[in-house]
Amino acid sequence: MSTDLELLQDLPRIQVRPAVKIETLQSCSATDDNKAIIQQENSETDDCQTPKSEEHKIPAVLSCPPAPRKAKRNISCKRKLTEIDFFEIVNREEVDSFFQSSFELLTKRRRQHGEVNSASCCTKCLLQPSGLNQSFKRPCKRQATVNGYIYTYIMPGSNDDDEGAMSPALVSEVQTICKEDELVESHEYHKGVKHLCGRGLKKLPRKYILPALERPLLSTKDGATNLKLPIIDIAQLQGPDRVHALESLSKACQEYGFFQLINHGIASESVLDMIQAARKFFELPFEERSKYMSKDQSAPVRYGTSFNQNKDRVFCWRDFIKLNCHPLSDVLPHWPSSPAELRQAVVNYSKETRSLYLMLAKAILESLGLVETEKDIDENGSCDLLKEFEDGSQLIVANFYPSCPEPDLTLGIPPHSDYGFLTLLLPDEEVKGLQIQHEGRWVTVEPVPNSFVVNVGDHLEIFSNGKYRSVLHRVLVNPLKSRMSIASLHTLPFNSMIRPSPKLVNDANPRRYKDTDFATFIQYMASHEHKNKNFLESRRLTQLGDA
Ligand SMILES: O=C(O)CCC(=O)C(=O)O
Ligand SMILES: [Fe+2]
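Residues numbered from 1 in each chain as written. Chains lettered and ligands numbered in written order. Predicted model: local features only at pLDDT ≥ 70, side-chain atom pairs only at ≥ 80, totals over all residues. Heavy atoms only, no water.

Chemist: When you look at the sheet that holds strand 12 (residues 434-438) in this model, what are you seeing that I'm missing?
Modeler: Pairing between the strands of a sheet is mediated by backbone hydrogen bonds and can be parallel or antiparallel. Taken in spatial order, the 5 strands line up as 4-13-12-15-10 in an open sheet, and their pairing is mixed. Every interior strand has two partners, whereas the edge strands, strand 4 (226-227) and strand 10 (413-416), have only one. Sheet topology places strand 12 next to strand 15 (residues 473-475); 3 bridges connect them, and they run antiparallel. In the strand pairing of strand 15, Leu 434 is matched with Val 475. (Pairing = 2+ DSSP bridges. Helix = DSSP H or I, 4+ residues; strand = E, 2+ residues; numbered from the N terminus.)

And the structure:
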């Protein structure tokens, strides 16, 4: 990619002709006669004859012209195709304003250091990101590298001889400036994508630009592959054909880690009220939403952005509200009081999804051969695990993905697996976006009206000793439409230990995972950039016979 500056440097010298002549030429249409005149005049100019007639003299100035203005700096940039290949310049205004402030500060600080005096102020400065150039020497005239970007720039009035190496003290000042700028920027990003969009973005800020290899390939065949998930029908699961339904359930959990749940029985009013309340929450002014921002991963309510915003290097294009739903009486008073209908809508929705989850959890235990029949569990109450399920934790997450100016450079949620036992997801019925990894490819899940997308979480993968798979999924964003989804994540109580079920561990299938609990998961999230299935990998004991 060539830069404005490179183009400028390649241009031949421009000869400026007297204003009167230019005016004459512009007012004529280029007839053949006029062309001859133009050619004649050009050849006169080439002979370098100064016109001397009265009409060519510069008129006398009768009033003082305004003081000359400082010319605007020309700054341009180009992409470095090396180890920092994944950075890309996307926002000229952002870059210009960054340099503006950096150069002003830099010049001020250089003066403080006594490195330049105000009369011969050095306006050419080399900014080096830490560690890239240890010798602090200028690698190339008029180039600066900041945070992995190479900037090429001209500073009018600068002196070509003024190209000395920067002192280590100055380099460290420059690095401080870069950090200060990043801090200001990052403060804004932490307010969320919706807040950012309110400022009228045309380009994706670089904070959201994924490394090239992690970007979704929207324009390829891969990006267009749609997938119909296996369907599990609750009516069939509860009817005489339960055995077949359990087989389909088991197959879906092994091969896809996902299925589509139809005939779920939840009143459409509860679903619509939940969606409406969440939508209204995201429409509240930022000041209202920001009351619920919290770094505490186990807070009863948490409003935030990105995936793990305290750890993410690159942010993703999502805002969320997470509501802990158990025990209801403890958490309810902490939930947002605005919009007014939110609490009631979440109470109803969480109760309905919870009983649906319990129905599914029983079916899962049966499909794994851990209980004989559903009747077994109900009559003998012998299944302690089911008691734990009944007292299990539930988190409702409303995800909001605003429309995105450059959806091919970022993601709504990066590839991840859900931590719990099962997630009951209500995807946006109108705007696709959920992709799952299936047979080594990213495929887009086709929304099915009035149904839930259900997926196996890490805890169920551990509990089933790897038989059921917690599958990677991610979310694409849309250039024209915002998207919303509601996820209900279910697992065991906060203090329970999750371990492979002893009945599923034997010589042929040794224990594959360490015991794990919620506290370990929370600690992990607080100290790592959560990526792909890295939490689950950290709990893995053996790679033997891995699917
Ligand atoms: O928005 C979606 O479709 C998926 C959301 C998701 O994966 C999550 O909340 O964990
Ligand atoms: Fe998820």
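Back to the write-up after that little detour.
Chemist: It is not clear to me how the side chain of Asp 428 should be interpreted in this structure. Could you clarify?
Modeler: Summarising the element assignment, Asp 428 is placed in the loop between strand 11 (422-426) and strand 12. Here Asp 428 is buried and forms no salt bridge, its nearest opposite-charge partner Arg 279 lying at an N-O distance of 4.2 Å. Here Glu 430 takes part through its backbone nitrogen, which lies 3.0 Å from a polar atom of the side chain of Asp 428. Discounting chain neighbours no more than four positions away, the residues touching Asp 428 are Arg 279, Pro 447, Ser 482, Arg 483 and Met 484. (Buried < 20%, exposed > 50% of the residue type's maximum accessible area, 1.4 Å probe, protein only. Lys, Arg positive; Asp, Glu negative; His and termini not counted. Salt bridge = Lys/Arg side-chain N within 4 Å of Asp/Glu carboxyl O. Polar contact = N/O pair within 3.5 Å; in protein donor to acceptor, adjacent residues only side chain to side chain. Contact = heavy atoms within 4.5 Å.)

Chemist: Teacher, can you tell me more about the site of ligand 1 here?
Modeler: All residues adjacent to ligand 1 are Asn 399, Tyr 401, Ile 413, His 416, Asp 418, Leu 425, Leu 434, His 473, Val 475, Arg 483, Ser 485 and Ala 487. A distance of 2.6 Å is found between an oxygen atom of ligand 1 and a side-chain nitrogen or oxygen belonging to Tyr 401. Between ligand 1 and the protein, one listed contact pairs an oxygen atom with a side-chain N or O atom of Asp 418 at 3.2 Å. Taking 290 Å² as the accessible area of ligand 1 by itself, protein coverage stands at 94%. When contributions to the shell around ligand 1 are tallied by element, the ones reaching two or more residues are strand 9 (393-401), strand 10, strand 15 and strand 16 (483-491). If you tally residues by element for the shell around ligand 1, the top one is strand 16, at 3 residues. Considering only residue class, the shell around ligand 1 consists of 6 nonpolar, 4 polar and 2 charged. (Near = heavy atom within 4 Å. Areas by Shrake-Rupley, 256 points an atom, 1.4 Å probe, with all protein chains shown as cover. Nonpolar A, V, L, I, M, F, W, Y, C, P; charged D, E, K, R; others polar.)

Chemist: When you look at the coordination of the iron ion (ligand 2) in this model, what are you seeing that I'm missing?
Modeler: Octahedral six-donor coordination of a metal ideally yields angles of 90 or 180 degrees, compared with 109.5 degrees for tetrahedral four-donor coordination. With distances of 2.1 to 2.2 Å, the protein atoms coordinating the iron ion (ligand 2) are His 416 (NE2), Asp 418 (OD) and His 473 (NE2). Asp 418 gets classed as buried once you look at its relative accessible area, which sits at 9%. (Donors = N, O, S within 2.8 Å, 3.2 Å for Na, K, Ca; no water.)

Chemist: What is the right way to read the pairing of strand 8 (residues 319-324) from this model?
Modeler: Strand residues, when the strand is regular, have side chains that alternate between the two faces of the sheet. Where burial is concerned, most of strand 8 is hidden: 6 out of the 6 residues are buried. Of the two faces of strand 8, both are covered, the one formed by Asp 319, Ile 321 and Leu 323 as well as the one formed by Phe 320, Lys 322 and Asn 324. One ladder, built from 5 bridges, connects strand 7 (residues 301-305) with strand 8; its direction is antiparallel. Each bridged residue has a counterpart across the sheet, and for Thr 305 the counterpart in strand 8 is Asp 319. For strand 8 and strand 9, the ladder comprises 6 bridges, and the chain directions are antiparallel. Within strand 9, the residue paired with Ile 321 across the bridge is Ala 398.

Chemist: What should I look at first to understand the nonpolar core in this one?
Modeler: Nonpolar side chains in soluble globular proteins tend to be buried together. Counting residues in hydrophobic clusters, the biggest one holds 66 residues, and the most contacted among them are Phe 259, Leu 261, Leu 360, Phe 389, Phe 452, Leu 460 and Ile 486. When residues of this core are assigned to their parent elements, the largest contribution, 13 residues, is made by helix 13 (residues 342-367). With residues up to four places along the chain from it excluded, the contact list for Leu 261 reads Ile 232, Ile 234, Leu 356, Leu 360, Ser 451, Phe 452 and Val 454. Residues Leu 227, Val 453, Ala 487 and Tyr 524 belong to the second largest nonpolar core, which totals 23 residues. (Core = buried A, V, L, I, M, F, W, Y, C linked by side-chain atoms within 4.5 Å.)

Chemist: I keep staring at unusual backbone geometry and nothing clicks. Help me out?
Modeler: Keep in mind that most residues, glycine aside, have a negative phi and that most peptide bonds are trans. Here His 326 and Pro 327 are connected by a cis peptide whose omega angle stands at -10°. Summarising the element assignment, Pro 327 is placed in the loop between strand 8 and helix 12 (328-331). With an omega of 0°, the peptide bond running from Ser 338 to Pro 339 counts as cis. Inspection of the secondary structure puts Pro 339 in the loop between helix 12 and helix 13. Phi at Asn 263 is positive, roughly 55°, even though this residue is not glycine. Tracing the backbone shows Asn 263 in the loop between strand 6 (258-262) and helix 10 (268-283).

None of this, on its own, says anything about what the molecule does.
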